[in-house]
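# Residue-level structural notes
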Amino acid sequence: MASTRMTVTHMVPTPLEAGTVFKTGDYTMSDASVLQAELKDRAGKGAARATRRAGRVPCVVYGAKKAPVLISIDPRDVMKGLHAGTFFSTVYDVEITGEKTERVLPRDVQFHPISDAPQHVDFLRVSAATQVTVDVACNFMNAEESVGLKRGGVLNVVRHTIEFMCAVDSIPQSIDIDLSSFDIGDSIHYSAVSVPEGVMPTITDRDFTIATIAAPSVAEETAVAEGEEGVEIEGAEGEGDTEE
Amino acid sequence: MAKGGTTLNFGAYGLKAVTTGRITARQIEAARRAITRHMRRAGKVWIRVFPDVPVSGKPAEVRMGKGKGAPEYWMCRIKPGRIMFELDGVDADIAKRAFELASAKLPVNTRFIQRFGG
């Protein structure tokens, strides 16, 4: 497949860019990145914990009707991909020391509940023709020029990602959504988004909502809170029960 | 550790508990007010915890016995990793400061978390 070269010069996050994919520099959609991995000889929680103690992340490579392979990778590689926001839509070449290279797509990352450090990564073996279901991040653009946001509206992101079914080589890095023409009260539906050829959403029965531009609810709440401050505390928390 | 509610589900920023504790309805409301006042006219707040546990107590200078005390307040139990508040539609700096102010109202240690990409 012909690769599409894009240059993204990104920018410091601005207020209304929730869900923005922060990318820098040149990248090619079909370029496979490289991950250095080590083979892991044992399965199970004991071996996985030993791997984590050694400062690495246990992973599994499965799919393509072959036996699963247990590997470990550097957590910094995972975090780099996650921070870029394109980890789950990027095809990686995993170079396993002493073994062959596997072409994989990250399918799942488990995080530590407190530290949010990656605990385990699942990779799916893929070929160019493999059809996958993948979540692609939404990139909300032109927030500064949006009519509704300039009037004080709030971008309420309903879907931070959109699930697509497509060939591995056609996975879009992100879905760009132009906010400039939307006003307060408007909804941004899937029909307003342009997606590359050969990419189909998994939701086909309706024109689903991606985001809405809502009136600032906080302003209304603050007005209420300032007007009847004492009443709100007593009414809200079921404190009437104390009188029983 | 918390079994659920450990990832951002609604907003771009979150306040995560890193210690255990009991949060009362008053503390949740105080934290919510601190957040909304700092954000002024922007943003959206989600509260991911609900005080559904009644706590009873006996009045002062009352002898033991004569039955259980009346419910005094409502609280929720918090375990480390639980996301208590989420925010969206504001700058990261504003969200961070709003959560700092909210954290001062809560009896648990907290951490600011942020969504990357989708």
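This text goes with the structure placed above it.
These notes cover the structure that comes with them.

So, how was this worked out
Sequence order sets the numbering: in each chain, residues are counted from 1 along the sequence as written. To label them, take the chains in the order written and letter them from A, then take the ligands in the order written and number them from 1. Only residues with pLDDT of 70 or above have their local features reported here, since the model is predicted, and side-chain atom pairs are shown and tallied only from 80 upward, although totals for entire chains, interfaces and linings are computed over all residues. Side-chain measures here rest on the full set of heavy atoms in the structure, leaving out hydrogens and waters. Each helix is a run of DSSP H or I of at least 4 residues and each strand a run of E of at least 2, with the numbering of both proceeding from the N terminus. Partly exposed residues are those whose accessible area sits between 20% and 50% of the maximum for their type, while under 20% is buried and over 50% is exposed, using a 1.4 Å probe and protein chains only. For this analysis, residues touch if any pair of their heavy atoms sits within 4.5 Å. Note on areas: Shrake-Rupley with a 1.4 Å probe; residue coverage comes only from the protein chains shown. One requirement defines pairing of two strands: DSSP has to find at least two bridges between them. Lines are fitted to the C-alpha atoms to define the axes, a helix being fitted only along its stretch in contact, and any angle between axes, read from their N-to-C directions, falls within 0 to 180 degrees. Residues enter patches when their relative accessible area tops 30% and they take part in no salt bridge; the joining distance is 9 Å for like charges and 5 Å for the nonpolar side chains Val, Leu, Ile, Met, Phe, Trp and Tyr. When a carboxyl oxygen of Asp or Glu is within 4 Å of a side-chain nitrogen of Lys or Arg, the pair counts as a salt bridge. Neither His nor the chain ends is counted toward charge; the positive residues are Lys and Arg and the negative residues Asp and Glu. By convention, the point assigned to a charge is CZ for Arg, NZ for Lys, CD for Glu and CG for Asp. Classification of ring pairs rests on two measures: the distance between centres of Phe, Tyr or Trp rings, Trp counted by its six-membered ring, which must be within 6.5 Å, and the angle between planes, read as stacked under 30 degrees, edge-to-face over 60 and tilted in between.

With that settled, consider the overall build of chain B. A count of helical and extended segments in chain B gives two helices and seven strands. The linear arrangement of helices and strands in chain B, starting from the amino end, is β-β-α-β-β-β-β-α-β. Counting the 118 residues in chain B, one finds 47% classified as buried. Of the contacts formed within chain B by residues at least 6 apart in sequence, a portion of 79% connects residues at least 24 apart. As presented, chain B carries roughly 6200 Å² of accessible surface, and 51% of it is formed by carbon and sulfur atoms.

As a further point, take the sheet that holds strand β7 (residues 101-111) of chain A. Residues and elements named next belong to chain A. Pairing is mixed around the closed barrel formed by six strands, whose spatial order is β3-β5-β4-β8-β7-β6. Mean inter-strand twist for the sheet, computed between neighbouring axes without regard to direction, equals 45°. As judged from the seven bridges shared by β7 and strand β8 (residues 118-125), these two strands associate in the antiparallel manner. Its bridge partner lying in β8, L105 is registered against L124.

Moving on: a positive patch on the surface. All names here are of chain A. A cluster of basic residues, K45, R49, R52 and R53, forms a positive patch at the surface. Position of R49 relative to the elements: it lies in helix α1 (residues 45-53). Here R49 falls in the partly exposed class, since its relative accessible area comes to 46%.

Under the defined criterion, the tally for this structure stands at seven aromatic pairs over all chains. Here the aromatic rings of F10(B) and W46(B) are separated by 5.8 Å at their centres, their planes lie at 15°, and the arrangement is stacked. With F10(B) in the segment before β1 (13-17) and W46(B) in strand β3 (residues 44-47), this pair connects stretches of sequence that are 36 residues apart. Relative accessible area serves as the criterion here: at 36%, F10(B) is assigned to the partly exposed category. The class of W46(B) is buried, set by a relative accessible area of 16%. Members of the aromatic cluster, each reached through a chain of ring pairs, are F87(A), F88(A) and Y92(A).

Leave glycine aside and you will find that most residues have negative phi; peptide bonds, for their part, are mostly trans. Even without a glycine there, the phi angle at A64(A) is positive, about 60°. In this fold, A64(A) is placed in the loop between β4 (57-63) and β5 (66-73). Its relative accessible area of 51% is what places A64(A) among the exposed residues. Within the chain, E61(B) stands out as a residue other than glycine whose phi angle is a positive 60°. Positionally, E61(B) belongs in the loop between β4 (53-57) and β5 (70-78). Take E61(B): its relative accessible area is 84%, and that puts it in the exposed class.

Residues and elements named next belong to chain B. On β4, burial follows the alternation: V53, V55 and G57 on one face are buried, whereas P54 and S56 on the facing-out side are not. In this sheet, β5 lies alongside β4 in antiparallel orientation, the contact comprising five bridges. Bridging from a neighbouring strand, S56 pairs with P71 of β5.

Two orientations exist for strands paired in a sheet by backbone hydrogen bonds: parallel and antiparallel. All names here are of chain B. Taken in spatial order, the four strands make up an open sheet running β3-β6-β1-β7, and their pairing is antiparallel. Edge positions in the sheet fall to β3 and β7 (110-114), since each has one partner strand and no second. Direction aside, the axes of adjacent strands within the sheet are offset by 20° on average.

Right, let's talk about the side chain of S103(B) for a bit. All names here are of chain B. Looking at where S103 falls in the secondary structure, it is placed in helix α2 (residues 92-103). Taking relative accessible area as the criterion, S103 reaches 18% and is therefore assigned buried. Excluding its chain neighbours within four sequence positions, the residues that come into contact with S103 are V108 and T110.

With that settled, the discussion passes to the pairing of strand β10 (residues 154-157) of chain A. All names here are of chain A. Both faces of β10 are covered, namely the face carrying V154 and N156 and the face carrying L155 and V157. In this structure, β10 lies alongside strand β15 (residues 209-214), joined through four bridges in antiparallel fashion. Bridging across to β15, V154 finds its partner in A214.

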